[in-house]
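Close look at the chain arrangement
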Amino acid sequence: MLNKEGNTGKIERIARMLVKSRNTVVFTGSGISAESGVPTFRGRDGLWKKYNPEKVASISGFKKNPDDFWEFARELVIKSEAEPNPAHYALAELEKEGVLKAVITQNIDMLHQRAGSRKVYELHGSLEYVDCLECGEKYRWEEIEECLRLGEGQTGSNQSEGPVCDNCSSKMLKPRIVFFGELLPSDVVAKADQATRECDLFIVVGSSLGVYPAADLPWLAKSHGARMVLINTEPSEQDHLFDVAVYGKAGEILPEVVSGYRRMKKGI
Ligand code: NAD
Ligand code: ZN
């Protein structure tokens, strides 16, 4: 149910919905990290305009040539030196307030946790650990990131090459993220599904809602009776599901929602 009311009115309405909510769940896509300098995939300036997803983000592409993935990873998270932005911090605040019960994210950048969110379901995994597919050696992301930045070293690489396993010299070093062609982690999906079914308010932030099965969640929330909110810079592929859709930057809108919520709770 979209209408012509301005953003200020919509932000007030979202704040009021939060005050009434007993259990809110937020679902985030790459748009929430755009203001941290992490490029999105699909939006207007998305990375898919520059890279071929089959080559750089599918499991078959990775096994054929991991260097293509690592070149892409450099651009995605390393060049940007990303830090959480006000949108990530606003969600961490809402969790502390007790109204936000979980963040379900499609992102792999770990910025929610770095902003202070505790209950985060990462549907597509994260960069926290990297495994050698040949010998099973496990690395922390920081170790890999360090060599990618240096461009050389024992586990190192030059600008166009990915890291090499210290233990067996294989190049098959794969972060624990979900590539195209791989299944989503079933334990995380089960928890995200349950949180979605139980919530009474479901807020989507920065997602085109075009990547399945993650994009099934808004429908699941709606079919279980949740009120529905979308915060995105442009219309998503599922705008018809939402009670309120506000178009603008998450880093500007979410902090306003949180201050509206606090004002209303105090009865000001
Ligand atoms: P997407 O790239 O398909 O869509 C991003 C959406 O965010 C677009 O609709 C765009 O309009 C919106 N957006 C852009 N800037 C915004 C802002 N400042 N505030 C609010 N909205 C904004 O992203 P997706 O739907 O999340 O799906 C792409 C897949 O790519 C996901 O599965 C995700 O795992 C992955 N991905 C992750 C990261 C990351 O970890 N940060 C980055 C890129 C892609
Ligand atoms: Zn190895």
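Residues numbered from 1 in each chain as written. Chains lettered and ligands numbered in written order. Predicted model: local features only at pLDDT ≥ 70, side-chain atom pairs only at ≥ 80, totals over all residues. Heavy atoms only, no water.

With that settled, consider the site of ligand 1. If you check the shell around ligand 1, you find 27 residues, and the closest are S30, Q106, D109, H124 and S208. One nitrogen or oxygen atom from the side chain of S30 is found 2.7 Å from an oxygen atom belonging to ligand 1. One nitrogen or oxygen atom from the side chain of E234 is found 2.8 Å from an oxygen atom belonging to ligand 1. A total of 850 Å² of accessible area belongs to ligand 1 in isolation, and the protein chains cover 95% of it. Looking at side-chain class alone, the shell around ligand 1 contains eight nonpolar, 14 polar and five charged residues. (Near = heavy atom within 4 Å. Polar contact = N/O pair within 3.5 Å; in protein donor to acceptor, adjacent residues only side chain to side chain. Areas by Shrake-Rupley, 256 points an atom, 1.4 Å probe, with all protein chains shown as cover. Nonpolar A, V, L, I, M, F, W, Y, C, P; charged D, E, K, R; others polar.)

Here we have three strands laid out as an open sheet, ordered β5-β4-β6, and antiparallel in their pairing. Because the sheet does not close on itself, it has two edges, and the strands there are β5 (138-140) and β6 (173-177). Averaged over all neighbouring strand pairs, the angle between strand axes comes to 35°, with direction disregarded. Strand direction decides the pairing type here: strand β4 (residues 125-132) and β6, joined by four bridges, are antiparallel. Within the sheet, the bridge partner assigned to C132 lies in β6 and is L173. (Pairing = 2+ DSSP bridges. Helix = DSSP H or I, 4+ residues; strand = E, 2+ residues; numbered from the N terminus. Axes fitted to C-alpha atoms, helices over the stretch in contact; angles between N-to-C directions.)

Now for the sheet that holds strand β1 (residues 24-28). Overall, parallel pairing links the six strands, which are arranged β3-β2-β1-β7-β8-β9 in an open sheet. The open sheet has two edge strands, β3 (120-122) and β9 (244-247), and neither has a second partner. Here the average twist between neighbouring strands, direction ignored, is 15°. Judged from the five bridges that link them, β1 and strand β2 (residues 100-105) form a sheet pairing that is parallel. The residue bridging T28 from the neighbouring strand is T105, located in β2. Against the sheet, helix α10 (residues 250-266) engages β7 (201-205), β8 (227-232) and β9, with an angle of about 140° to β8. (Contact = heavy atoms within 4.5 Å.)

Once that is clear, we can look at the packing of helix α1 (residues 7-20) against α10. Across the interface, α1 lies against α10 with an axial gap of 8 Å and an inter-helix angle of 55°. It follows that α1 is oblique to α10 by the angle criterion. Seen along the crossing, α1 lies across α10 with a hand that is right-handed. Together, I11, E12, I14, A15, R16, L18 and V19 of α1 and I253, E256, V257, G260, Y261, R263, M264 and K265 of α10 make up the contact between the two elements. Here the residues of the contact of α1 with α10 sort into nine nonpolar, one polar and five charged. (Parallel < 35°, antiparallel > 145°, perpendicular 65-115°, else oblique. Left-handed = near helix turned anticlockwise from the far one by under 90°.)

The protein atoms donating to the zinc ion (ligand 2) are C132 (SG), C135 (SG), C165 (SG) and C168 (SG), with metal-donor distances spanning 2.3 to 2.4 Å. In this structure, the zinc ion (ligand 2) is coordinated by four donor atoms arranged in tetrahedral fashion, with angles at the metal of 105 to 113°. All donor residues of the zinc ion (ligand 2) come from one chain, and their arrangement in sequence is C-x2-C-x29-C-x2-C. Taken together, the positions of C135 in the loop between β4 and β5 and C165 in the loop between α7 (141-150) and β6 put the pair 30 residues apart, joining distant regions of the chain. (Donors = N, O, S within 2.8 Å, 3.2 Å for Na, K, Ca; no water. Tetrahedral: all angles 85-135°; square planar, octahedral: opposite > 155°, others 65-115°.)

Here T28 is to be found in strand β1. Through-space distance from the C-alpha of T28 to that of T105 is 4.7 Å; in sequence the pair is 77 residues apart. Setting aside chain neighbours within four positions, we find T28 in contact with L91, V103, I104, T105, Q106, N107, H112 and V205. Of the polar contacts made by the side chain of T28, one reaches the side chain of H112; its length is 2.9 Å.

Time to look at the nonpolar core. One finds F69, W70, F72, I144 and L173 to be the most contacted residues of the largest nonpolar core, which totals 30 residues. Sorting the residues of this core by element identifies α3 (59-64), α4 (66-78), β4, α7 and β6 as the ones contributing at least two each. With six residues, α4 is the largest single contributor of residues to this core. If we skip the residues at most four places from it in the chain, L173 touches F62, W70, V130, D131, C132, Y139, I144, P163, V164 and C165. (Core = buried A, V, L, I, M, F, W, Y, C linked by side-chain atoms within 4.5 Å. Buried < 20%, exposed > 50% of the residue type's maximum accessible area, 1.4 Å probe, protein only.)

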